[in-house]
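Descriptive analysis of the structure
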Amino acid sequence: MKKVLLTTLAASAAYLKYQSVRQKRSVQSLMVEQGLKSFLHGRDPRKALNFARFNHVNSGTYSIPNKVQNYLDFKWLDIEMQVLKRDSIVTPEKKVIFYLHGGSYWYQPFDLQYRFIARLADRVGASVVMPIYPKAPAHDANDALSMVMKSYQELLATNGVEAENIILFGDSAGGGLAVSLVEQLRNAQIDLPKQVILLSPWLDVSLENSEIKKLQRRIHF
């Protein structure tokens, strides 16, 4: 049994390495992709049972997971507004990553996202400000955008952080939300962040892009 397990693990590792070379990607990115496929397979928040559960969870206040708080040092910047920070203090002269996490506008942040943004912040020497924006089905897009807009303004006004020191970073649904935030800031003539980084942003929430079906046939979620 042990020999079969070791053989399977070796074959899996070899396959991942082959795919990483063929696709010019890291092994880690392939592992994350496979993990997401496994996690999301068959999960649809709109199904009656899941809908009720998400509605209950996302109607309440968010609690920081213990291991995220203890080992990655995320704390509350504003518990009433539901905004997290990672640093002892958010200082005006230091770079701040204003991070909008993904999760289909339904899911709260995953451990993987916490670890990713913490590692990125350490690499560039930045603090992290992370709004836990309102989620469906208890809230809609207007609630989410209003909350992140207010969080950004609070960062400028209350914490005295200069816009030129802010990096707006969004992944997946958070990437789409980041684009909407920049548009709102521009329209309101509020200072824009120095940089905007989008990681696999979900930009077509209507799912009307004709290319989507072609892509779905390839990824097999």
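Read on for an overview of the structure. (Residues numbered from 1 in each chain as written. Predicted model: local features only at pLDDT ≥ 70, side-chain atom pairs only at ≥ 80, totals over all residues. Heavy atoms only, no water.)

The next thing to look at is the sheet that holds strand 3 (residues 96-100). Spatially, six strands are ordered 1-2-4-3-5-6 in an open sheet, and the strand pairing comes out mixed. What marks the edges here is a single partner per strand, and that holds for strand 1 (75-78) and strand 6 (195-199). Neighbour-to-neighbour, the strand axes of the sheet open up by a mean angle of 25°, direction not taken into account. Summarising the sheet, strand 3 and strand 5 (residues 166-171) pair through five bridges and their orientation is parallel. Looking at the pairing, valine 96 lines up with isoleucine 166 of strand 5. Contacting strand 2 (83-86), strand 3, strand 4 (127-131) and strand 5, helix 6 (residues 141-157) runs over the sheet at an angle of about 170° to strand 3. (Pairing = 2+ DSSP bridges. Helix = DSSP H or I, 4+ residues; strand = E, 2+ residues; numbered from the N terminus. Axes fitted to C-alpha atoms, helices over the stretch in contact; angles between N-to-C directions. Contact = heavy atoms within 4.5 Å.)

Now for helix 5 (residues 111-124). Helix length check: helix 5 (14 residues) gives 20 Å between terminal C-alpha atoms against 20 Å at 1.5 Å per residue, within 8%. Those residues of helix 5 lying buried are Gln113, Tyr114, Ile117, Ala118 and Ala121. The buried residues of helix 5 occupy one face: seen down the axis, they fall within an arc of 125°. Away from its buried face by more than 90 degrees, helix 5 exposes Arg119, Asp122 and Arg123. (Expected span 1.5 Å × (residues − 1). Buried < 20%, exposed > 50% of the residue type's maximum accessible area, 1.4 Å probe, protein only. Arc of directions from axis to C-beta.)

When you line up the elements, arginine 86 lands in strand 2. Relative accessible area serves as the criterion here: at 14%, arginine 86 is assigned to the buried category. Here leucine 72 takes part through its backbone oxygen, which lies 2.8 Å from a polar atom of the side chain of arginine 86. Not counting residues within four places of it along the chain, the set of residues in contact with arginine 86 comprises Leu72, Asp73, Phe74, Ala118, Ala121, Asp122, Ser127 and Val128. (Polar contact = N/O pair within 3.5 Å; in protein donor to acceptor, adjacent residues only side chain to side chain.)

A separate point is the pairing of strand 6. In this structure, strand 5 lies alongside strand 6, joined through five bridges in parallel fashion. When the sheet's bridge partners are listed, leucine 168 is paired in strand 6 with valine 196. Considered for its hand, the β-α-β crossover made up of strand 5, helix 7 (residues 173-187) and strand 6 is right-handed. (Right-handed = clockwise from strand over helix to strand, strands pointing away.)

Further remarks concern the nonpolar core. Side chains of nonpolar character tend, in soluble globular proteins, to be buried together. In this structure, Phe98, Leu100, Val148, Tyr152 and Leu181 are the most contacted members of the largest nonpolar core, which totals 25 residues. If you list the elements that add at least two residues to this core, you get strand 3, helix 6, strand 5 and helix 7. Ranked by residues supplied to this core, first place goes to helix 6 with eight residues. Residue contacts for valine 148: discarding those within four places in its chain leaves Phe98, Leu100, Pro131, Tyr133, Leu177 and Leu181. Of all hydrophobic cores here, the second largest spans 18 residues; its members include Leu72, Leu84, Ile97 and Met130. (Core = buried A, V, L, I, M, F, W, Y, C linked by side-chain atoms within 4.5 Å.)

How two aromatic rings sit relative to each other is given by the distance of their centres and the angle of their planes. Applying the stated criterion across every chain, the model contains nine aromatic pairs. Taken together, a centroid distance of 4.9 Å and an interplanar angle of 70° make the contact between phenylalanine 74 and tyrosine 114 edge-to-face. Of this pair, phenylalanine 74 sits in the loop between helix 4 (66-71) and strand 1 while tyrosine 114 sits in helix 5, placing them 40 residues apart in sequence. Grouping residues by exposure puts phenylalanine 74 and tyrosine 114 together as buried. Among the aromatic residues, ring-to-ring pairing joins Phe51, Phe54, Trp106, Tyr107 and Phe110 into one connected group. Cation over ring: lysine 135 sits above tyrosine 133, and NZ or CZ is 4.2 Å from the ring centre. (Phe/Tyr/Trp six-rings, centres within 6.5 Å; stacked < 30°, edge-to-face > 60°. Lys NZ or Arg CZ within 6 Å of the ring centre and 35° of its normal.)

The tally for this structure, following the rule as stated, stands at four salt bridges. Lysine 67 is the salt-bridge partner of aspartate 111, the closest N and O atoms lying 2.8 Å from each other. Note that aspartate 111 is positioned in helix 5 and lysine 67 in helix 4, a separation of 44 residues in sequence. Note that aspartate 122 and arginine 86 form a salt bridge whose closest N and O atoms lie 3.0 Å from each other. Of this pair, aspartate 122 sits in helix 5 while arginine 86 sits in strand 2, and the two are 36 residues apart along the sequence. (Salt bridge = Lys/Arg side-chain N within 4 Å of Asp/Glu carboxyl O.)

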